[in-house]
2 protein chains.
Amino acid sequence: MTYCLAIALDEGLVFCSDSRTNAGPDRVSTYSKMHRFSVPYDRSLVLLSAGNLATSQAVVAQIQRDLEGDDKGRFNLLKAKYVSEVAEYVGELSVREQAKYSGDNAPGAGFNAGATFILGGQVKGQPQELYLVYPEGNHITASEQHPYLQIGETKYGKPILDRIIRPDTPAETAMRCALVSMDSTVRSNATVGPPIECLFYRADSLQPQSRYFKLEEHHPYLARLRKAWDDNIRQAFDNLPTLSEVFDAEAGRH
Amino acid sequence: MTYCLAIALDEGLVFCSDSRTNAGPDRVSTYSKMHRFSVPYDRSLVLLSAGNLATSQAVVAQIQRDLEGDDKGRFNLLKAKYVSEVAEYVGELSVREQAKYSGDNAPGAGFNAGATFILGGQVKGQPQELYLVYPEGNHITASEQHPYLQIGETKYGKPILDRIIRPDTPAETAMRCALVSMDSTVRSNATVGPPIECLFYRADSLQPQSRYFKLEEHHPYLARLRKAWDDNIRQAFDNLPTLSEVFDAEAGRH
């Protein structure tokens with residue numbers, strides 16, 4: 001199913017994605033869900049994808065073709081004045097791809113061709129922006145109160161984001177939190193798996209990335225993170241108040 | 001949507017359930033999801049329900065009618081030699097109720113009348129048993145490797161159970177873990193809410209319960225548990241290894 005998330009901080013934007021795809025248990029594979037488009041000093045965009053792989057790959061391919069093509073009437077990423085225009089554009093491409101293969105008249109009518117995207121970045125002259133593009137083509141943005149967006153298998157990894165992430169969270173803390181959120185999901189759901197990609201875009205840098213790394217399954221840091229999180233959670237649980245006060249109250253009642 | 005769970009320990013069975021129901025945002029209400037049937041020294045059974053409220057209430061009502069009725073040919077809880085027979089019985093009642101109102105010829109055909117149950121307990125002469133009864137009527141049991149079952153909104157609360165629960169976990173620890181699992185879910189999903197009921201059945205006691213309590217929204221223990229968990233998780237996160245080693249490795253690469 002995939003799991004991707006992005007966080008809007010005062011410092012910039014954090015993106016994190018997994019790489020597992022599956023069309024059933026014996027068709028499990030590895031594809032990157034993170035796509036980058038940038039012109040240094042002018043614009044920097046990151047696109048994360050979830051849902052139907054064919055649809056999301058077709059959208060990315062069309063974005064590339066529009067960039068390289070010479071149809072002056074056609075929109076492409078370089079023409080956008082705002083990241084929100086790119087979000088609309090991605091939405092339209094996505095809807096069109098889905099309709100090709102799963103519309104009412106298509107041979108495969110009825111199968112779920114939907115794809116969901118996270119799009120974030122900055123165009124020179126504008127502040128950074130972050131959007132979630134729905135399969136229906138429309139989009140929403142993150143907010144101060146909810147400064148992150150998730151797509152795919154979102155539930156396992158949500159609680160830690162709610163606890164830790166604020167707009168003023170430092171970038172390293174937010175990236176570490178994204179990895180914990182991702183790792184909790186990887187351990188609870190077989191359709192989400194490594195390698196895990198993580199990118200930090202520093203606000204107003206207009207560079208492709210300020211930080212980027214890809215952690216394979218057995219990366220030593222991932223192993224240390226998992227072990228430390230396991231031990232620390234165990235201790236966090238052991239240090240909780242016991243139920244003895246509740247039991248005593250119940251005993252007092254009978 | 002509800003969230004209920006049960007845990008099979010060497011010491012006995014732990015049951016935990018919420019009380020929120022909703023048929024849309026302006027039809028939110030409170031109903032217990034925990035139903036108990038027992039004959040001291042002979043049998044003790046606990047039934048937790050999730051899904052369509054009308055279906056699960058009808059099943060519970062039918063169980064009561066069968067117990068009180070004088071149709072000697074009809075099965076009832078007192079006639080079961082094994083808890084697994086009760087699981088089959090609950091499954092049959094559930095399927096029959098669903099078909100009444102949402103089968104092909106019914107006026108409301110097509111709406112989701114499905115209900116899922118957790119059934120656990122003991123009949124004298126047999127060991128304790130724990131089952132999950134599906135809307136289709138069939139059931140599965142817990143195992144040594146997976147000694148707990150969940151129904152309803154299960155994803156948020158699963159990771160802590162995976163970390164803490166083993167068959168030899170002490171009862172108080174398991175009840176505390178169930179409450180943490182429940183509280184994480186309550187905080188992440190508006191269709192799950194207090195009061196929270198928690199029951200411990202001691203293996204071979206053949207009593208209705210060894211421990212039972214109901215925690216309302218503002219119970220002081222719930223407030224303490226939440227605050228302690230928040231603080232401890234925050235500390236657990238702060239004590240994780242930072243990404244500096246990964247950043248240094250990336251920097252070394254360019």
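- In the nomenclature of an unreviewed UniProt entry, chain A corresponds to Proteasome-type protease from the organism Parahaliea mediterranea.

### Considerations on the relation of the copies chain B and chain A
Then step 1. It takes a turn of 180 degrees to lay chain B on chain A, together with a shift of 0.0 Å along the axis; the resulting RMSD is 0.0 Å. Viewed as a symmetry operation, the transformation between the two copies matches a two-fold axis. Of every C-alpha in chain B, the one belonging to Tyr-156 of chain B sits nearest the axis of rotation, 2.6 Å from it.
Then step 2. Residue by residue, 100% of the interface of chain B is reproduced at the interface of chain A, so both copies engage with the same surface.

### What to know about the sheet that holds strand S2 (residues 12-17) of chain B
Residue and element names in this part refer to chain B.
Then step 1. Taken in spatial order, the five strands of this open sheet run S10-S1-S2-S11-S12, and their pairing is antiparallel. Each of the sheet's edge strands pairs with one partner strand only, and the pair in question is strand S10 (148-152) and strand S12 (211-215). Each neighbouring strand pair of the sheet contributes to a mean axis angle of 10 degrees, computed without reference to strand direction.
Then step 2. Its contacts with the sheet place helix H4 (residues 171-188) against strand S1 (3-8), S2, strand S11 (196-202) and S12, and it is angled at close to 20 degrees to S2.

### A closer look at the interface of chain B and chain A
Then step 1. Contacts between chain B and chain A engage 43 residues on the former and 43 residues on the latter.
Then step 2. For the pair chain B and chain A, the summed buried area comes to about 4,400 Å², and 66% of that belongs to carbon and sulfur atoms.
Then step 3. One can count six salt bridges joining chain B with chain A.
Then step 4. The salt bridge involving Glu-153 of chain B is made with Lys-155 of chain A; its shortest N-O contact spans 2.5 Å.
Then step 5. Run the count over chain B and chain A and you get 14 residue pairs in polar contact (both at pLDDT 80 or more).
Then step 6. Those elements that place two or more of their residues in the side of chain B that touches chain A are helix H3 (158-164), H4, S12, helix H5 (220-238) and helix H6 (244-253) of chain B.
Then step 7. When residues in the side of chain B that touches chain A are grouped by element, the largest group, twelve residues, is from H5 of chain B.
Then step 8. For the side of chain B that touches chain A, the per-class residue count stands at 23 nonpolar, six polar and 14 charged.

### Looking at helix H1 (residues 53-68) of chain A
Residue and element names in this part refer to chain A.
Then step 1. With 16 residues, H1 extends 23 Å between its outermost C-alpha atoms, agreeing within 8% with the 22 Å of an ideal straight helix rising 1.5 Å per residue.
Then step 2. For H1, the complete set of buried residues consists of Thr-55, Ser-56, Ala-58, Val-59, Val-60, Gln-62, Ile-63 and Asp-66.
Then step 3. Tucked inside the fold, the buried residues of H1 contact strand S5 (34-39), strand S6 (43-51), helix H2 (83-102) and strand S7 (115-123).
Then step 4. Between a side-chain oxygen at the N-terminus of H1 and the backbone nitrogen of Ala-54 the separation is 3.1 Å; the capping residue is Asn-52.

### What about the sheet that holds strand S9 (residues 139-141) of chain B?
Residue and element names in this part refer to chain B.
Then step 1. Read from one edge to the other, the open sheet built from five strands follows the order S5-S6-S7-S8-S9, with strand pairing classed as antiparallel. Looking at the sheet topology across the chains shown, the edges are occupied by strand S5 (34-39) and S9. Adjacent strand axes in the sheet meet at a mean angle of 20 degrees when their direction is disregarded.
Then step 2. Against the sheet, helix H2 (residues 83-102) engages strand S6 (43-51), strand S7 (115-123), strand S8 (129-133) and S9, with an angle of about 155 degrees to S7.

### Details of the pattern of salt bridges
Then step 1. Tallying each qualifying case throughout the model produces 30 salt bridges over all chains.
Then step 2. A single salt-bridge network, built from bridges that share partners, covers Arg-163 of chain A together with Asp-183, Arg-187, Arg-226 and Asp-230 of chain B.

### Comments concerning the environment of Ile-140 of chain B
Then step 1. Mapped onto the elements of the fold, Ile-140 of chain B is located in strand S9.
Then step 2. Sequence spacing of Ile-140 of chain B and Leu-130 of chain B is ten residues, and the spatial spacing of their C-alpha atoms is 8.5 Å.

### Structural notes on the packing of aromatic side chains
Then step 1. The tally for this structure, following the rule as stated, stands at four aromatic pairs over all chains.
Then step 2. Each ring, one from Phe-247 of chain A and one from Phe-213 of chain B, has its centre 6.2 Å from the other, and the planes form 50 degrees; the classification is tilted. With one member in each of two chains, Phe-247 of chain A in helix H6 (residues 244-253) and Phe-213 of chain B in strand S12 form a pair that bridges those chains. Both residues of the pair, Phe-247 of chain A and Phe-213 of chain B, count as buried.
Then step 3. Its guanidinium or amino end placed over the ring of Phe-237 of chain B, Arg-176 of chain A lies 4.8 Å from that ring's centre, counting from NZ or CZ.

### Notes on the pairing of strand S8 (residues 129-133) of chain A
Residue and element names in this part refer to chain A.
Then step 1. The element S8 is extensively covered by neighbouring structure, given that five of its five residues are classed as buried.
Then step 2. In S8, alternate side chains face the same way, and those of Glu-129, Tyr-131 and Val-133 on one face and Leu-130 and Leu-132 on the other are all buried.
Then step 3. Direction of pairing for S7 relative to S8: antiparallel, over a ladder of five bridges. The residue bridging Gly-121 from the neighbouring strand is Glu-129, located in S8.
Then step 4. Hairpin remark: S7 followed by S8, antiparallel, with five residues in the connecting loop; positive phi at Gly-125, about 100 degrees.

### Brief notes about the packing of helix H5 (residues 220-238) of chain A against H5 of chain B
Then step 1. With their axes 9 Å apart at the nearest point, H5 of chain A and H5 of chain B run at an angle of 155 degrees to one another. What the angle tells us is that H5 of chain A and H5 of chain B run roughly antiparallel. H5 of chain A and H5 of chain B meet at a crossing whose hand is right-handed. From H5 of chain A, Trp-229, Asn-232, Ile-233, Ala-236 and Phe-237 of chain A reach across to H5 of chain B, where they touch Trp-229, Asn-232, Ile-233, Ala-236 and Phe-237 of chain B.
Then step 2. In terms of residue class, the contact of H5 of chain A with H5 of chain B is made up of eight nonpolar, two polar and no charged.

### Side note on the pairing of S7 of chain B
Residues in a regular strand point their side chains to alternate faces of the sheet.
All names here are of chain B.
Then step 1. Within S7, nine of the nine residues are buried, which leaves the element mostly enclosed by the surrounding structure.
Then step 2. Residues Ala-115, Phe-117, Leu-119, Gly-121 and Val-123 point to one face of S7 and Thr-116, Ile-118, Gly-120 and Gln-122 to the other, with burial holding for every one of them.
Then step 3. Relative to S7, S6 is paired through nine bridges, and the arrangement is antiparallel. Its bridge partner lying in S7, Arg-43 is registered against Val-123.

### Overview of the environment of Leu-240 of chain A
Then step 1. When you line up the elements, Leu-240 of chain A lands in the loop between H5 and H6.
Then step 2. Relative accessible area serves as the criterion here: at 4%, Leu-240 of chain A is assigned to the buried category.

### Quick notes on the side chain of Glu-129 of chain A
Residue and element names in this part refer to chain A.
Then step 1. As for its position among the elements, Glu-129 is in strand S8.
Then step 2. Buried within the structure, Glu-129 lacks any salt-bridge partner; Arg-43 is the closest side chain of opposite charge, at an N-O distance of 9.7 Å.
Then step 3. Polar contacts involving the side chain of Glu-129 include one to the main-chain amide nitrogen of Val-83, which spans 3.0 Å.
Then step 4. For Glu-129, the residues in contact, after removing those within four places along its chain, are Leu-13, Tyr-82, Val-83, Ser-84, Leu-119, Gly-120 and Gly-121.

Basis of the calculations
- Residues numbered from 1 in each chain as written.
- Chains lettered and ligands numbered in written order.
- Predicted model: local features only at pLDDT ≥ 70, side-chain atom pairs only at ≥ 80, totals over all residues.
- Heavy atoms only, no water.
- Least-squares fit on C-alpha atoms with pLDDT ≥ 70 in both.
- Contact = heavy atoms within 4.5 Å.
- Pairing = 2+ DSSP bridges.
- Helix = DSSP H or I, 4+ residues; strand = E, 2+ residues; numbered from the N terminus.
- Axes fitted to C-alpha atoms, helices over the stretch in contact; angles between N-to-C directions.
- Buried area = accessible area lost by both parts, 1.4 Å probe.
- Salt bridge = Lys/Arg side-chain N within 4 Å of Asp/Glu carboxyl O.
- Polar contact = N/O pair within 3.5 Å; in protein donor to acceptor, adjacent residues only side chain to side chain.
- Nonpolar A, V, L, I, M, F, W, Y, C, P; charged D, E, K, R; others polar.
- Expected span 1.5 Å × (residues − 1).
- Buried < 20%, exposed > 50% of the residue type's maximum accessible area, 1.4 Å probe, protein only.
- Phe/Tyr/Trp six-rings, centres within 6.5 Å; stacked < 30°, edge-to-face > 60°.
- Lys NZ or Arg CZ within 6 Å of the ring centre and 35° of its normal.
- Parallel < 35°, antiparallel > 145°, perpendicular 65-115°, else oblique.
- Left-handed = near helix turned anticlockwise from the far one by under 90°.
- Lys, Arg positive; Asp, Glu negative; His and termini not counted.

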